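Chain by chain, the residues run as shown.
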Amino acid sequence: MDKWRSMSHRYRRHGYWWYGISSVAIVLILVALWTRWPWLLLIPLLLIGGLSAWSFKRFSRQSQAGLAIINEMLDTQQRLADQQQAWRELRELHQQNVSETHFFNVLLQSTSQLVDAESLSIWLLDEGSNVMSCHASLTPKLIGESLDTRQISDYMQALQNAPSLTADDAPKDPRLQELSHYLQTFGIASMLDVGIFVGGELRGILCCESQQPRQWRAEDVSCLMAVSGLLSQFSESLRRQAAERDLYRQIHYDEVTHLPTLRGLDASLEHYLSKGSFHLGVLRIGGLSHVNETLGQPAGDEALYQVATELRRWVHQCGSSLEMARLPSNRIVILIPAKSRSHLQTSGIDLLTTLNAHSWVGDRHPVSLQFAMGIASYPDDSRNTDQLLQRAELALKKARADTRHFLAFYNSELSEWQREHNRLERELRDALNDAQFRLYLQPQFNVHGELRGAEALIRWQHPRQGLLSPGDFIGVAERSGLIRPIGYWVLEQAAILLAGPLKHSAMRLSVNVSVHQLRDDDFAARTASLLQEYQLAPQRLVLEVVESLLVTPGVANKLQALRRLGIKLSLDDFGTGYSSLRYLQEFQVDEIKLDKVFIDPLQQQDDVPLARSIIAMGKALGLHLVAEGVEKPCQLEFLETYHVDLIQGYYLARPESIAAFQERLTNRLTE
């Protein structure tokens, strides 16, 4: 526009000259006619002719300049159109959920064409470190290169202060002195770097470099800043997708053995079910606890990995499509194609003999492990996969007693599991009638170590077996339907405690609620009656629900009815099931409990990105954050650093009786 204004000004001045000279020529013509001196007519003719020649040359030059400006504007318009087209294509590519590597490569290729540069690269800060690594580049030898940001602090500060850094003569630029070795190594003469900001923080750099001296245009800077904006925009989404992939892998695959979990085996199980018949084996690995205690957790993990490797080798030798998955408590489930029982017994005994004779971990610390396997057959032993697994577990119990082969098949005529189930169900009914259940409390603390509440837990004071934890009977309670009266008992005991011994404290109590309770149409009404009967402030009661309840039909309205009462809702074991922002927003929970699986890795590493992401998301949504399963000082330190609201775990306090909790509370008040 400035060039157009300059040309317009010159045209106006040229018009003034024409007007003045034309006026003089007219005057001379009139004088010549008046005085009858014909030779005076030559003067205006010469003036007009000279002015015309001069004007023609001037107009020619200005026309050429105008055409140049028009061409420049057309070029600029084309570049802008090319940029917009590139942005649209990149956005469409990102929506296709392609890999980060592919997305970066396409982005660099497009940008290279827009700025006419052959060397572009993307450098990103590694999570939880001071190292910046090259993740993508049009110069392959740059990929994988890394720089310590502490050693290039002036350069980083320059990018932090200004969105771009332009250096036409990079080796002599004082801002790039810290990069002199890098510039010399890769022969860089000039460079244009733009910061990639995520959430206001410098998280990476888009580098455009040239091995020849180059003067960077304003258009180059604006183009790279636009690309950097796209990277900033997409970076958070890419990180979220990476976190979701990590979460999926963590839920569906075991990190130690690299085997699927039982959930990760769903597709294979469906395939086997479609074939009509197969065997399901449960292999138990005994002795790993001793390895962990004597040689440490890394040695136990190494032994478990070696076992999984040996099993894969066995599967390969068998030449059949066996599938394996890791179960809790050091067990591995094996899906075996339909074979005769005699053939299966022979190969199973050979496998167990080999495993039991093997030495594990290493030559310096060889250890022996004990293996046993129970097998159940589909559909002969059951058509229900959950029951089939239970019957394979029952066969495993018999196999452990067989000190000769350590292998057993399920026998329906001797279903000890069924008899045990029936006996336990009868005893649970007696426990309800005879008041054998006890309420235990696991204290919850804030990051300053101050007692703020507790989670209510049930224990069974069995007349013969002593105090039993929920893991010994909750499964039977759920299958028999007794979980409903047991759950109501826990809820009422919590109400009695809040209205009685804890009445004058600010303590809150969390109570687990099962899907069976929420399926009752009168659950919300019964809970409201408890609040009214014991005159409880509803915000002191927190009901914990597992994530799977969020997608259970008919539960949404009941959860909202509980919230309308003023009761707080907590999402238990968050991140291990159906975690979704949509569910959190739709059901409007007040609190999420970070499952211990996300902080357990702190025992082997310094950082847990998934835990940080969940904490950040919870804070962004304004949710109360509770971390459970804290067993080590490093876990507590991590949670304190990221300001989790409440913390519970064995490192701080184990579940304790009501009397012990009251004593703890009294001691706190007297301190």
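To start, this report covers the structure provided alongside it. (Residues numbered from 1 in each chain as written. Predicted model: local features only at pLDDT ≥ 70, side-chain atom pairs only at ≥ 80, totals over all residues. Heavy atoms only, no water.)

1. What to know about the sheet that holds strand S5 (residues 190-198)
So, point 1. Ordered in space as S3-S2-S1-S6-S5-S4, the six strands form an open sheet in which the pairing is antiparallel. Strands with a single pairing partner mark the edges of an open sheet, and in this sheet they are strand S3 (146-148) and strand S4 (164-167). This sheet shows a mean twist of 20 degrees between the axes of neighbouring strands, independent of strand direction.
So, point 2. Inspection of the sheet shows S4 paired to S5 by four bridges, in the antiparallel sense. Bridge assignment links Ala167 to a residue of S5, and that residue is Met191.
So, point 3. In this fold helix H3 (residues 100-115) packs onto strand S1 (119-125), strand S2 (131-137) and strand S6 (201-210), with an angle of close to 140 degrees to the strand it touches most, S1. (Pairing = 2+ DSSP bridges. Helix = DSSP H or I, 4+ residues; strand = E, 2+ residues; numbered from the N terminus. Axes fitted to C-alpha atoms, helices over the stretch in contact; angles between N-to-C directions. Contact = heavy atoms within 4.5 Å.)

2. A short note on the sheet that holds strand S10 (residues 370-378)
So, point 1. Read across the open sheet, the five strands follow the order S8-S9-S7-S10-S11; overall the sheet is mixed. Of all the strands in the sheet, the pair left with one neighbour each is strand S8 (323-327) and strand S11 (407-409). This sheet shows a mean twist of 20 degrees between the axes of neighbouring strands, independent of strand direction.
So, point 2. With nine bridges connecting them, strand S7 (residues 278-286) and S10 associate as antiparallel partners. Pairing of Gly281 across the sheet is with Ile375, part of S10.

3. A short note on helix H14 (residues 483-499)
So, point 1. A rise of 1.5 Å per residue sets the reference length of H14, with its 17 residues, at 24 Å; its end C-alpha atoms lie 24 Å apart and thus fit the reference within 8%.
So, point 2. The complete set of buried residues in H14 reads Ile483, Ile486, Gly487, Tyr488, Val490, Leu491, Ala494, Ala495, Leu497 and Leu498. (Expected span 1.5 Å × (residues − 1). Buried < 20%, exposed > 50% of the residue type's maximum accessible area, 1.4 Å probe, protein only.)

4. What about the pattern of salt bridges?
So, point 1. Scanning the model with the defined rule gives 19 salt bridges in all.
So, point 2. As a salt-bridge pair, Arg214 and Asp220 come within 3.3 Å of each other at their nearest N and O atoms.
So, point 3. Put simply, Lys593 and Glu628 hold a salt bridge, and the shortest N to O gap is 3.3 Å. Residue Lys593 is found in strand S18 (residues 591-594), and its partner Glu628 is found in the loop between strand S19 (624-627) and helix H20 (633-641); the two are separated by 35 residues along the sequence.
So, point 4. On the basis of relative accessibility, which here comes to 0%, the residue Lys593 falls in the buried class.
So, point 5. Taking the relative accessible area as the measure of exposure, Glu628 reaches 12% and is therefore buried.
So, point 6. Taken together, the salt bridges that share partners define one network made up of Glu455, Glu544, Lys593 and Glu628. (Salt bridge = Lys/Arg side-chain N within 4 Å of Asp/Glu carboxyl O.)

5. Overview of the pairing of S8
So, point 1. Where S8 and strand S9 (residues 331-337) come together, five bridges link them in antiparallel fashion. What sits directly across from Ala325, in S9, is Val333.
So, point 2. In sequence, S8 turns back onto S9 through a hairpin of three residues, with Ser329 there showing a positive phi of about 60 degrees.

6. A few points about the environment of Val511
So, point 1. You can see Val511 is positioned in strand S15 (residues 508-512).
So, point 2. Given the relative accessible area of 1%, Val511 is considered buried.
So, point 3. Between the C-alpha atom of Val511 and that of Leu457, which follows or precedes it by 54 residues, the distance is 7.5 Å.
So, point 4. Among all residues touching Val511, those that are not within four sequence positions of it are Ala456, Val490, Leu491, Ala494, Leu541, Val542, Leu543 and Glu544.

7. Some thoughts on the nonpolar core
So, point 1. Residues Leu428, Leu543, Leu594 and Leu639 are the most contacted members of the largest nonpolar core, which totals 75 residues.
So, point 2. Among the elements that line this core, the one with the most residues is H14, at nine residues.
So, point 3. Sequence-distant contacts of Leu543, defined by excluding residues within four places in its chain, comprise Leu491, Val511, Val513, Phe523, Leu562, Ile567, Lys568, Leu569 and Ser570.
So, point 4. In this structure, Ala308, Leu351, Leu352 and Val367 belong to the second largest nonpolar core, which totals 31 residues. (Core = buried A, V, L, I, M, F, W, Y, C linked by side-chain atoms within 4.5 Å.)

8. Things to note about the packing of helix H9 (residues 297-318) against helix H10 (residues 341-357)
So, point 1. Contact geometry of H9 with H10 gives a least axis separation of 12 Å together with a crossing angle of 145 degrees. Handedness of the crossing formed by H9 with H10: right-handed. For the pair H9 and H10, the contacting residues are Glu310, Leu311 and Trp314 in the first and Ser347, Leu351, Thr354 and Leu355 in the second.
So, point 2. In the contact of H9 with H10, the residues fall into four nonpolar, two polar and one charged. (Left-handed = near helix turned anticlockwise from the far one by under 90°. Nonpolar A, V, L, I, M, F, W, Y, C, P; charged D, E, K, R; others polar.)

9. Examining the packing of H14 against helix H16 (residues 523-533)
So, point 1. Between H14 and H16, whose axes approach to 10 Å, the crossing angle comes to 25 degrees. Judged by the angle between their axes, H14 and H16 are roughly parallel. Viewed along their axes, H14 and H16 form a crossing whose handedness is right-handed. Contact residues: H14 offers Tyr488, Leu491 and Glu492, while H16 offers Phe523, Arg526, Thr527 and Leu530.
So, point 2. In the contact of H14 with H16, the residues fall into four nonpolar, one polar and two charged. (Parallel < 35°, antiparallel > 145°, perpendicular 65-115°, else oblique.)

10. Describing the packing of aromatic side chains
So, point 1. Per the stated rule, a full pass over the model turns up 12 aromatic pairs.
So, point 2. Among the aromatic side chains, those forming a connected cluster through ring pairs are Phe437, Trp460, Phe473 and Trp489.
So, point 3. Geometry around Tyr488 places Arg526 over its ring, the cationic atom sitting 3.6 Å from the centre. (Phe/Tyr/Trp six-rings, centres within 6.5 Å; stacked < 30°, edge-to-face > 60°. Lys NZ or Arg CZ within 6 Å of the ring centre and 35° of its normal.)

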